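Listed here are the chains, written in short residue letters.
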Amino acid sequence: MSTIISRSLDTSVGPRFLSISNEDLLGLVRETATPFGISEQDVRVVGNDRRMIATVTLPNLAFAGPEGLLIPRLFVRNENTGGRAMSIGVGLFRMICSNGLMLGVPGMSFSAKVRHVDGCAFLY
């Protein structure tokens, strides 16, 4: 993987605010999903250039657990509005409804956040 995620100073949000490219993040999600047999059409994206949530469900890695069928899911959330840090994570989810509604399994997810501040790209 060799995706580079672009950042640019956006002083309309704040004096040190770095806008993170949603297009580059989406490319990274698609590139990550490809080895698992997930096509671009299976990447669900909601948002625009300012706000984005992308999720990839990995049904071919599902397994039976004590709460039923557990399905891994990768997610990326980014807001170039100053409201939230960019976050990326993975977790186990279970289907709770026939319409596709999924619920995260407590304690079975990991996420990292990156602040949109110039000179401060801490993961927390």
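Residues numbered from 1 in each chain as written. Predicted model: local features only at pLDDT ≥ 70, side-chain atom pairs only at ≥ 80, totals over all residues. Heavy atoms only, no water.

Give me the pairing of strand S7 (residues 86-95): which residues, what numbers.
Relative to S7, strand S6 (residues 68-79) runs antiparallel, the two sharing eight bridges. Each residue of the ladder has a partner; that of Leu 74, found in S7, is Val 90. Linking two consecutive strands that pair antiparallel, namely S6 and S7, is a turn of six residues; a positive phi of about 90 degrees is found at Gly 82 within it. Where S7 lies against strand S8 (residues 102-114), nine bridges are found, and the strand directions are antiparallel. The residue of S8 that forms the bridge with Val 90 is Phe 110. Following S7, the chain reverses through six residues before pairing antiparallel with S8; Gly 100 in that reversal takes a positive phi of roughly 100 degrees. (Pairing = 2+ DSSP bridges. Helix = DSSP H or I, 4+ residues; strand = E, 2+ residues; numbered from the N terminus.)

Which residues make up the packing of aromatic side chains, and what values go with them?
This model, assessed by the stated rule, comprises zero aromatic pairs. A cation over an aromatic ring shows up here: Arg 73 above the ring of Phe 93, its NZ or CZ 5.4 Å from the ring centre. (Phe/Tyr/Trp six-rings, centres within 6.5 Å; stacked < 30°, edge-to-face > 60°. Lys NZ or Arg CZ within 6 Å of the ring centre and 35° of its normal.)

Lay out the nonpolar core with the relevant residues and their values.
Leu 25, Val 29, Met 52, Val 56, Val 76 and Met 86 are the most contacted members of the largest nonpolar core, which has 15 residues in total. For this core, the secondary-structure elements that each account for two or more residues are helix H1 (22-33), strand S4 (51-57) and S6. A total of four residues in this core trace back to one element, the largest contributor, which is H1. Excluding residues within four positions of it along the chain, Leu 25 makes contact with Ile 5, Ile 20, Met 52, Val 76, Asn 78 and Met 86. (Core = buried A, V, L, I, M, F, W, Y, C linked by side-chain atoms within 4.5 Å. Buried < 20%, exposed > 50% of the residue type's maximum accessible area, 1.4 Å probe, protein only. Contact = heavy atoms within 4.5 Å.)

Describe the environment of Leu 74, and please don't skip the residues or the numbers.
Considering the arrangement of structural elements, one finds Leu 74 in strand S6. Dropping the residues within four chain positions of it, Leu 74 is found in contact with Val 29, Thr 32, Ala 54, Thr 55, Val 56, Gly 89 and Val 90.

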